[in-house]
Amino acid sequence: MRKTTTLRAAAAAAASAALLLATACNSQRGQDDKDAAADGACQGQQTTGITDKSIRLGGIYPLSGPASAYGTISKGVSAYFKHVNDKGGIDGRKVEFVVRDDGYQPPKAVEEARRLVEQEKVFAVFQTLGTPSTAAVWDYLNKRKVPQPFVATGASVWGTDGDHPWTSGWQPNYIAEARVYAKYLKEEKPKAKVAVLYQNDDFGKDLLGGFKAAIAGGGIKVAAEESYEVTDPSVSAQMTSLARSKADVLLNITTPKFGSQALAADAKNTKWNPLHIVNNVSSSATVLKPVGFKNVQGVVSATYFKDPADPQWADDAEMKTYQDALRTYAPDSDPANQFNAYGWAAASSLHKALGAMKCPTREGLRDAVRNLKDVKVDMLLPGVTLSTGPDDAFPIETMQLMRFKGERWQLFGKPVDTRKEFGPLAK
């Protein structure tokens, strides 16, 4: 798959912004890795950040800024690792999870990635949140040969780029998600006119491009498009413009702040009543609740992990463990918040990869992440497992549609394995 120019631009801009920090840290480079030596078949591989008793991991999240709603994901991750530590750790190793805030700013993400690697000396940078931030740091992490597993972004490039073997996705990529919505519309509204609101970056363009490719040649048409910048105060003008299209479907490709604004604008405009599809990353109840649940009835989205607000999982063993752990280790967090459950599921997935390492080294984790075979993670939906290969770094490509009814999402239909339905993504 071609590499997008905007990904490269983001990485270049961030690298330039971090030049002073890089210069200051140059003297430390190389020495840490020389100190990392493994024995036997693993000889010469990197053991920075891992010992017989501990693993130090780093994570970069927008704890502040326009995407701060995602910051709570780190609490779900931290709660999981603290819970595991109290049970003896991962193969006897206690996990230390170091969280840094980049404010959803790529230059800051580079600064924090360097701090994690060169000062905190982490074993891996587990999760960098957001397409722009991840694009900004993956060149640096891959050059340093530091694992960047299960990034918290669904950009398709994380799984198709052959130049960054140390980076891998986790959640379904945006093209896979777009395919699920396209399949649904082909079956339910084969002549639909679609209006699209999208974030003007690789995240928004990736999902929109995937949607257009999936509907190509059929009766569904994109009637109008409006983009927004993450620095915009609102999307009210864009929503007013889209309403003029009189489209019967609205595809809402946004991050939480703007997702909530778009849902509110749609509810307020009683003269326009499209089927509203909101992308997964803005489907949390925390996004919908400010709009008023009565105003988001019938909204459609897709998911791949269990919703902690869904009563069908009330007696689920993993859900009970998650809720108890969050109350114990993150008492200021809401167990019903889907972003916390996302963090728990991602951390549980990394636990599986760490446990599968043939060598307790950075190389061992890199290889384990690329060799997952139908691995079950208890917080994922039934029928959703982790599978990767040397040329496929998308662990999850199965999703199930859901519709908001009452005060929660309700699953409908069957899980859609986009690998089987549409084939693998092209490189």
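As a starting point, this report considers the structure included with it.

Looking now at the overall build of the chain. Within the chain, the regular secondary structure consists of 16 helices and 11 strands. Relative to the globule expectation of 22 Å for 427 residues, the C-alpha radius of gyration of the chain, 21 Å, shows essentially globular dimensions. The proportion of buried residues among the 427 residues of the chain is 59%. In the chain, of all internal contacts separated by at least 6 residues, the share reaching a separation of at least 24 is 71%. Accessible surface for the chain amounts to roughly 17,000 Å². Of this, 49% is attributable to carbon and sulfur atoms.

Attention shifts here to the state of the cysteines. Evaluated as defined, the whole model comprises 1 disulfide. There is a disulfide in this structure between cysteine 42 and cysteine 359, and the S-S distance comes to 2.0 Å. As the torsion about the S-S bond is roughly -85 degrees, the cysteine 42-cysteine 359 disulfide counts as left-handed. Note that cysteine 42 is positioned in the loop between helix H3 (31–35) and strand S1 (54–61) and cysteine 359 in the loop between helix H14 (338–355) and helix H15 (362–369), a separation of 317 residues in sequence. In this structure, cysteine 42 and cysteine 359 share a single accessibility class: buried.

With respect to the helices and strands, the residue serine 156 is situated in the loop between helix H6 (131–143) and helix H7 (157–160). As for serine 156 and asparagine 252, which are separated by 96 residues in sequence, their C-alpha atoms are 18 Å apart.

For the rest of this paragraph, the subject is the pattern of salt bridges. According to the stated counting rule, one finds 18 salt bridges in the structure shown. Put simply, lysine 183 and glutamate 187 hold a salt bridge, and the shortest N to O gap is 2.8 Å. With a gap of 4 residues between them, lysine 183 and glutamate 187 both fall in helix H8 (residues 174–188), about one helical turn apart. For lysine 183, a relative accessible area of 21% gives the class partly exposed. For glutamate 187, a relative accessible area of 53% gives the class exposed. Overlapping salt bridges, with partners in common, bring together Arg100, Lys108, Glu111, Glu112 and Arg115 in one network.

The description of an aromatic ring pair rests on the distance of the ring centres and on the angle between the ring planes. Tallied over the full model, the rule gives 18 aromatic pairs. The rings of Tyr61, Tyr80, Phe81, Phe97, Phe126, Tyr322 and Trp344 are connected pair by pair, giving a single aromatic cluster. The ring of phenylalanine 412 has arginine 403 sitting right over it, with the charged end atom 4.1 Å from the ring centre.

A few words on H15. Each α-helix turn comprises 3.6 residues. Residues three or four places apart therefore point the same way. Buried residues dominate H15, accounting for 6 of its 8 residues. Within H15 the residues assigned to the buried category are Arg362, Glu363, Gly364, Leu365, Ala368 and Val369.

Among the secondary structure elements, serine 333 is positioned in the loop between helix H13 (317–329) and H14. On the basis of relative accessibility, which here comes to 11%, the residue serine 333 falls in the buried class. The contacts of serine 333, once residues within four sequence positions are left out, are Thr72, Lys75, Leu326 and Asn340.

Here we take up the pairing of strand S6 (residues 249–253). Counting buried positions along S6 yields 5 of 5 residues, so the element is predominantly enclosed. Burial of S6 is two-sided: the residues Val249, Leu251 and Ile253 facing one way and the residues Leu250 and Asn252 facing the other way are all buried. Of the pairings in the sheet, the one linking strand S4 (residues 193–199) to S6 comprises 5 bridges and is parallel in character. Residue pairing for S6: valine 194 is matched across the bridge by valine 249. Alignment of S6 against strand S7 (residues 275–278), held across 4 bridges, turns out to be parallel. When the bridges of S7 are listed, asparagine 252 appears paired with valine 278.

Thresholds, definitions, all that
- Residues numbered from 1 in each chain as written.
- Predicted model: local features only at pLDDT ≥ 70, side-chain atom pairs only at ≥ 80, totals over all residues.
- Heavy atoms only, no water.
- Helix = DSSP H or I, 4+ residues; strand = E, 2+ residues; numbered from the N terminus.
- Rg over C-alpha atoms; globule rule 2.2 N^0.38 Å.
- Buried < 20%, exposed > 50% of the residue type's maximum accessible area, 1.4 Å probe, protein only.
- Contact = heavy atoms within 4.5 Å.
- Areas by Shrake-Rupley, 256 points an atom, 1.4 Å probe, with all protein chains shown as cover.
- Disulfide = S-S within 2.5 Å.
- Salt bridge = Lys/Arg side-chain N within 4 Å of Asp/Glu carboxyl O.
- Phe/Tyr/Trp six-rings, centres within 6.5 Å; stacked < 30°, edge-to-face > 60°.
- Lys NZ or Arg CZ within 6 Å of the ring centre and 35° of its normal.
- Pairing = 2+ DSSP bridges.

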